[in-house]
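# Architecture and fold: a report
Residues per chain are reported as follows:
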Amino acid sequence: MFLSFEVPIFILTKNFKYTILLLQFMVLTKESDFVEIDYVGRIKDSNKIFDLTSEALAKKEGIKSIGHHHYGSKVICLGMNNILSAIDKFLINKETGKTYTLELSPEQAFGKKDPKLMKIFPVDALKKQNINPVPGLQINATGLLGTIVNVAGGRVTIDFNHPLASKHLLYEITINKIVSDDKQKISSLVQSLIGLHDHDFAVDIESNKAVINSGTKLPKDIKDVFTKKVKAIIPSIDVSFSE
């Protein structure tokens, strides 16, 4: 990051008095910085919120739940594409403590709809799995998340495109601060790289050694990749797992 500080400048006025001006230098983000952000994501055409970090705003807007959403500010590492690539790039070289508005085209967000991902299944095939097919219902079929778009003639049409495919999106993002705490950094990497929620693990750091305590038994290859990734990003920290 670029440091922020104030420099006093002494200016001699017409009355031979010195006036002190404080010039404030901005804090700008850079690649590999960990930053804490808050955001609201909306579909441009309808202004409907599809993602946000503020629980207070969710309650104000009458949003009960968005999937398995957990509210609260998020910590991400810039340049790692923890979020959409277009947002990741946008947040580099930006001033902290400010809110930015960003519009994403479908190509920058979740792509355009692919007709090949529209599949037709017999109604009976879903009912055998105790699924009552109705339009709008999201289901997991053949290992993919799909949305039922039509039920007619004993057949069900399921759209396996991303729910936000072909949508223009608006993001309002606040960069709260650049994170310097190693515990917060590693916690954010566990969530983004391994997929564990912060309630499912704990990070303890002592003498530059970080231990990740998790009730989930992770495959060795995942742990190996994770430890190498952390070492590349935070060279001063050695990571191990306790399960």
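Note that this is a predicted model, so its numbers are computed, not measured. (Residues numbered from 1 in each chain as written. Predicted model: local features only at pLDDT ≥ 70, side-chain atom pairs only at ≥ 80, totals over all residues. Heavy atoms only, no water.)

### Regarding the overall build of the chain
Short version of the rule: A run of H or I in DSSP counts as a helix once it spans at least four residues, and a run of E counts as a strand once it spans at least two, with each numbered from the N terminus. Relative accessibility decides the category of a residue: with a 1.4 Å probe and only protein chains considered, values under 20% of the type maximum give buried, values over 50% give exposed, and everything between is partly exposed. Only heavy atoms enter the contact rule, under which two residues are in contact if any of them lie within 4.5 Å. In this description, accessible areas are obtained by the Shrake-Rupley approach with a 1.4 Å probe, and a residue is regarded as covered only by the protein chains that are shown.
Helix and strand content of the chain: five helices and 14 strands. The buried share among the 243 residues of the chain stands at 34%. Of the contacts formed within the chain by residues at least 6 apart in sequence, a portion of 57% connects residues at least 24 apart. Total accessible area on the chain is roughly 15,200 Å²; 53% of this is exposed by carbon and sulfur atoms.

### Here's the deal with the packing of helix α4 (residues 182-194) against helix α5 (residues 220-233)
Keep this limit in mind: For every element, the axis is a line fit to its C-alpha atoms; helices are fit only across the contacting stretch, and the angle between N-to-C directions ranges from 0 to 180 degrees. Here is the rule for angles: anything less than 35 degrees is roughly parallel, anything more than 145 is roughly antiparallel, 65 through 115 is roughly perpendicular, and the remaining ranges are oblique. The crossing is said to be left-handed when, going from far helix to near helix, the turn is anticlockwise and less than a right angle, and right-handed when the turn is clockwise. Residues are sorted three ways: Asp, Glu, Lys and Arg are charged, Ala, Val, Leu, Ile, Met, Phe, Trp, Tyr, Cys and Pro are nonpolar, and all the rest, Gly among them, are polar.
Remark: α4 packs on α5, axes separated minimally by 11 Å, with the N-to-C direction vectors making an angle of 135°. Relative to α5, α4 is oriented oblique. Once α4 is placed against α5, the crossing between them reads as right-handed. Every residue of α5 that contacts α4 at Ile186, Leu189, Val190, Leu193 and Ile194 is listed here: Ile222, Phe226, Lys229, Val230 and Ile233. Taken together, the residues that form the contact of α4 with α5 break down as nine nonpolar, no polar and one charged.

### Description of α5
Note the threshold: Expected helix span is given by 1.5 Å per residue-to-residue step, counting one fewer step than there are residues. The directions considered for the arc are those from the helix axis to the C-beta atoms.
Between its first and last C-alpha, α5 extends 20 Å over 14 residues, near the 20 Å set by a 1.5 Å rise per residue. Taken together, the buried positions of α5 are occupied by Lys223, Phe226 and Val230. Down the axis of α5, the buried set is contained in an arc of 65°. They therefore lie on one face. For α5, the exposed residues set more than 90 degrees away from the buried face come down to Lys220, Asp221, Val225, Lys228 and Ala232.

### What about the sheet that holds strand β14 (residues 238-242)?
Applicable threshold: Strands qualify as paired when DSSP identifies two bridges or more between them.
Strand order across the open sheet formed by three strands is β12-β13-β14, with mixed pairing between neighbours. Edge positions in the open sheet fall to β12 (201-206) and β14, since each of these has one partner strand only. This sheet shows a mean twist of 20° between the axes of neighbouring strands, independent of strand direction. The pairing of β12 with strand β13 (residues 209-214) spans six bridges and is antiparallel. Following the sheet pairing, Glu206 is matched in β13 by Lys209. Here α4 sits on the sheet in contact with β12, β13 and β14, set at roughly 145° to β12.

### Some points on the environment of Ile37
Its location among the elements puts Ile37 in strand β3 (residues 34-43). Linking Ile37 and Val75, residues 38 residues apart in sequence, is a C-alpha distance of 6.3 Å. Ignoring anything within four residues of it in the chain, the contact list for Ile37 reads Ser73, Lys74, Ile76, Leu91, Ile173, Thr174, Ile175 and Asn176.

### Topic: the packing of aromatic side chains
Heads up, the condition is: Each aromatic pair joins two rings of Phe, Tyr and Trp (for Trp, the six-membered one) with centres within 6.5 Å, and gets the label stacked for planes under 30 degrees apart, edge-to-face for over 60, and tilted for any other angle.
Summed over the entire model, instances satisfying the criterion amount to five aromatic pairs. Ring geometry for Phe90 versus Tyr100: centroids 5.9 Å apart, planes at 85°, classification edge-to-face. Linking Phe90 in helix α2 (residues 85-90) with Tyr100 in strand β6 (residues 98-104), this pair joins segments that are ten residues apart in sequence. Overall, Phe90 belongs to the partly exposed group, its relative accessible area being 21%.

### So, the environment of Phe160
Mapped onto the elements, Phe160 comes out in the loop between β10 (155-159) and β11 (169-179). Once the C-alpha coordinates of Phe160 and Lys119 are considered, the two residues, 41 residues apart in sequence, prove to be 7.5 Å apart. Sequence-distant contacts of Phe160, that is, excluding residues within four places in its chain, are made with Leu117, Lys119, Phe121, Ala141, Thr142, Leu144, Leu145 and Gly146.

### Looking at α4
Structurally, the α-helix is built with 3.6 residues per turn, so residues lying three or four positions apart point the same way. Between its first and last C-alpha atoms α4 spans 17 Å; for 13 residues at 1.5 Å apiece the expected length is 18 Å, and the two agree. Every buried residue of α4 is listed here: Lys185, Ile186, Ser187, Ser188, Leu189 and Val190.

### Thoughts on the pattern of salt bridges
Worth spelling out the cut-off: What counts as a salt bridge is simple: a side-chain nitrogen of Lys or Arg found within 4 Å of a carboxyl oxygen of Asp or Glu.
Summed over all chains, the structure comprises ten salt bridges. Ionic pairing is found between Glu95 and Lys98, a salt bridge with its closest N-O pair at 3.1 Å. The structure contains a network of salt bridges with shared partners spanning Lys209, Lys231 and Asp238.

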